[in-house]
Amino acid sequence: MQSSIRHYAFPAVWVAVFATGVSLHHPVPPADAMALLSARIGPPADPADPPSFLTDTPFPKQLAFVVPAPSDAEQVMQTAARDSFPGGHGRFAAPGNAVRRQVQLRSINARTADELAGAFREVSYTLTDVRQGEAVPPIKVEKVPDDLGTKDGALRKVLFITALLPVILEVNQRVLAERDQLLYLRKKIQSGLGLSPDEGIWLDGLAERYGTTSADLDQLVRRVDIVPPSMAIAQSGVESGWGTSFAAREGNALFGQIQASGQHAVTVSWRPGSGMPQPFANIGEATEAYVANLNCHPAYGAFRAERAAMRARGQTLSGYNLIGQLARYSELGQSYVEFVREIMRENDLGDFDKAKLSSF
């Protein structure tokens with residue numbers, strides 16, 4: 001196997017046997033200039049309506065923000081009282097141009113698991129509400145608390161899943177915004193219309209970040225797409241022992257990604273080196289790198305092909321199905337796939353594949 005395939009190193013015993021995978025290919029760099037260009041691409045949108053090109057995409061609903069009716073607040077509070085964290089989150093604003101639907105997450109820096117639970121209560125955020133169709137508040141837990149492992153298994157999982165869900169949804173939201181813009185430009189090219197200079201620059205930059213060229217738009221479309229939340233949550237739970245591994249607590253290494261170059265991006269207590277866990281500044285960066293890894297690394301071409309096939313069939317992307325294409329994430333191959341699927345079943349993680357992110 002090529003040098004990009006490495007062993008993981010995590011102390012959680014039950015995780016250890018499932019701790020081998022494919023390292024990072026290229027982390028997605030900041031794209032502030034590209035964001036500015038994106039504001040000048042595509043038709044203008046009425047603040048109350050999405051751009052017309054969204055109606056031609058297979059997932060317009062996944063870009064929709066949720067605006068609860070005024071009466072929902074009381075109903076949410078009653079529903080949430082049955083869960084471990086009482087309450088239901090509040091009212092949210094509708095978006096303008098879908099291309100610019102970038103959600104500003106509110107950071108949470110909880111030192112303890114109890115503080116984390118309290119932060120969720122403050123915004124009335126529970127998994128029970130999400131399963132019943134409530135939108136997920138845009139909060140961003142920066143790191144898992146050091147004492148998460150002191151909580152019993154059920155509560156530990158609830159806290160971990162509740163923390164990670166809005167982060168993966170926000171990363172997916174940004175990918176979907178880029179994907180819709182990409183689909184619009186592809187349709188424009190296919191109709192015989194030329195691209196403006198700004199559109200050409202944006203498209204070339206997007207292709208470079210995704211490890212391909214703007215000449216191969218079909219491949220680029222296959223790469224610029226989301227990772228189902230159920231799959232991201234299950235894999236991070238397996239790879240990090242639900243946030244309790246040393247690498248997760250010290251370096252936000254939640255997805256089993258490892259170093260290929262022997263360098264640290266942030267300061268951690270372990271020495272850098274090929275095959276060592278790749279640390280990140282926060283959970284958000286780790287999640288971005290995980291999604292970029294699946295979208296760009298050659299080892300995951302089958303995953304991207306199956307995802308594209310599901311899109312073509314008009315199906316909702318299912319983490320349970322797509323994880324079947326990630327046998328190369330671990331040297332255990334299909335055994336790893338079946339284990340992750342078991343995690344999805346036991347924790348009903350498929351419920352979150354249709355979750356939506358809102359904005360305060």
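One can find the structure itself at the top, above this paragraph.
Position numbers for residues count from 1 along each chain, tracking the sequence in the order it is written. Two thresholds apply to this predicted model, a pLDDT of at least 70 for residue-level local features and 80 or more for giving and counting side-chain atom pairs, whereas whole-chain, interface and lining totals are computed over all residues. Neither water nor hydrogens contribute to the side-chain values; these are computed over all heavy atoms in the structure.

### Examining the overall build of the protein chain
In step 1: Counting its regular elements, the protein chain contains 14 helices and four strands.
In step 2: For the protein chain, with 360 residues in total, the buried portion stands at 53%.
In step 3: Pairs at least 24 apart in sequence give 72% of the contacts found in the protein chain among residues at least 6 apart.
In step 4: If you sum the accessible surface of the protein chain, you get close to 15300 Å²; carbon and sulfur atoms cover 51% of it. We count a stretch as a helix when DSSP gives it H or I for four or more residues in a row; a strand needs E for two or more, and each element gets its number in order from the N terminus. For every residue, the accessible area obtained with a 1.4 Å probe (protein chains only) is divided by the maximum for its type, and the residue is called buried under 20%, exposed over 50%, and partly exposed between those limits. Two residues qualify as a contact provided that any one of their heavy atoms is within 4.5 Å of a heavy atom in the partner residue. Note on areas: Shrake-Rupley with a 1.4 Å probe; residue coverage comes only from the protein chains shown.

### Comments concerning the nonpolar core
In step 1: For the purposes of this section, nonpolar cores are sets of buried Ala, Val, Leu, Ile, Met, Phe, Trp, Tyr and Cys residues that join through side-chain atoms within 4.5 Å. One finds Y125, L165, L182, L220, M231, Y290 and L294 to be the most contacted residues of the largest nonpolar core, which totals 80 residues.
In step 2: It is helix 6 (residues 153–190) that provides the largest number of residues to this core, a total of 16 residues.

### Topic: helix 12 (residues 301–312)
Three- or four-residue spacings in an α-helix give side chains the same orientation, since the helix completes a turn every 3.6 residues.
In step 1: Take the number of residues in a helix, subtract one, and multiply by 1.5 Å to get its expected span. For helix 12, which comprises 12 residues, the first-to-last C-alpha distance of 16 Å matches the rise-based estimate of 16 Å (1.5 Å per residue) to within 8%.
In step 2: Looking at helix 12, one finds that the buried residues are F303, R304, R307, M310 and R311. Seen end-on, helix 12 carries its buried residues on one side only, within an arc spanning 120°.
In step 3: Taken together, the buried residues of helix 12 touch helix 6, helix 8 (217–223), helix 9 (229–240), helix 11 (283–296) and helix 13 (319–322).
In step 4: Looking one or two residues beyond helix 12, the residue adopting positive phi is G314, at roughly 75°. The directions from the helix axis to the C-beta atoms form the arc being described.

### Side note on unusual backbone geometry
In step 1: Phi angles above zero are rare outside glycine, and W242 is one such case at about 55°.
In step 2: Relative to the assigned elements, W242 resides in the loop between helix 9 and helix 10 (246–251).
In step 3: The backbone of D348 shows a phi angle near 50°, a positive value even though the residue is not glycine.
In step 4: Looking at the secondary structure, you find D348 in the segment after helix 14 (334–346).
In step 5: Residue class for D348 comes out partly exposed when judged on its relative accessible area of 45%.

### Describing the pattern of salt bridges
In step 1: Basic side-chain nitrogens of Lys or Arg form a salt bridge, by our definition, when they fall within 4 Å of a carboxyl oxygen of Asp or Glu. For the structure shown, the criterion picks out 14 salt bridges.
In step 2: Residue K143 pairs with D146 through a salt bridge whose shortest N-O separation is 3.4 Å.
In step 3: Here D225 and R307 are joined by a salt bridge, their closest N and O atoms 3.9 Å apart. With D225 in the loop between helix 8 and helix 9 and R307 in helix 12, this pair connects stretches of sequence that are 82 residues apart. In this structure, D225 and R307 share a single accessibility class: buried.
In step 4: Residues participating in the shared-partner salt-bridge network are R179, D225, R307 and R311.

### What to know about the packing of aromatic side chains
In step 1: Any pair of Phe, Tyr and Trp rings, taking the six-membered ring for Trp, is counted once the centres come within 6.5 Å. Such a pair is stacked with planes under 30 degrees apart, edge-to-face with planes over 60 apart, and tilted for the rest. Enumeration over the complete set of coordinates arrives at six aromatic pairs.
In step 2: Each ring, one from F160 and one from W242, has its centre 5.7 Å from the other, and the planes form 90°; the classification is edge-to-face. With a gap of 82 residues between them, F160 in helix 6 and W242 in the loop between helix 9 and helix 10 connect regions that are remote in the sequence.
In step 3: Note on F160: relative accessible area 3%, which makes it buried.
In step 4: On the basis of relative accessibility, which here comes to 4%, the residue W242 falls in the buried class.
In step 5: Centre to centre, the rings of F255 and Y290 are 4.2 Å apart; their planes meet at 15°, and the pair counts as stacked. With F255 in the loop between helix 10 and helix 11 and Y290 in helix 11, this residue pair connects regions lying 35 residues apart in the sequence.
In step 6: Residue classification places F255 among the buried residues on the basis of a relative accessible area of 2%.
In step 7: The class of Y290 is buried, set by a relative accessible area of 0%.
In step 8: Three or more aromatic residues link up through ring pairs in this structure, and these residues are Y300, Y329 and Y336.

### What to know about the packing of helix 6 against helix 11
In step 1: Helix 11 packs onto helix 6 with a crossing angle of 50° between their chain directions and a minimal axis gap of 10 Å. Here helix 11 runs oblique to helix 6, going by the angle between their axes. You can see that helix 6 and helix 11 cross each other, and the crossing is right-handed. On helix 11, the residues that touch L164, V167, I168, V171, R174 and V175 of helix 6 are I283, G284, T287, E288 and V291. A fitted line through C-alpha atoms represents every axis, and for helices the fit uses only the stretch in contact; the resulting angles, taken between N-to-C directions, go from 0 to 180 degrees. Our angle categories are set so that under 35 degrees counts as roughly parallel, over 145 as roughly antiparallel, 65 to 115 as roughly perpendicular, and the remainder as oblique. When the near helix sits turned anticlockwise from the far one by under a right angle, the crossing is termed left-handed; a clockwise turn instead gives a right-handed crossing.

### What to know about helix 6
In step 1: With 38 residues, helix 6 should reach 56 Å at 1.5 Å per residue; the first-to-last C-alpha distance of 53 Å fits that figure.
In step 2: Burial analysis of helix 6 places 28 of its 38 residues in the buried class, the great majority of the element.
In step 3: Capping the start of helix 6 is the job of one residue whose side-chain oxygen sits 3.1 Å from the backbone nitrogen of A154: D152.
In step 4: Looking one or two residues beyond helix 6, the residue adopting positive phi is G192, at roughly 90°. Any pair of nitrogen or oxygen atoms within 3.5 Å is treated as a polar contact; in protein, a donor-acceptor pairing is required on top of that, and neighbouring residues in sequence qualify only through side-chain atoms on both sides.

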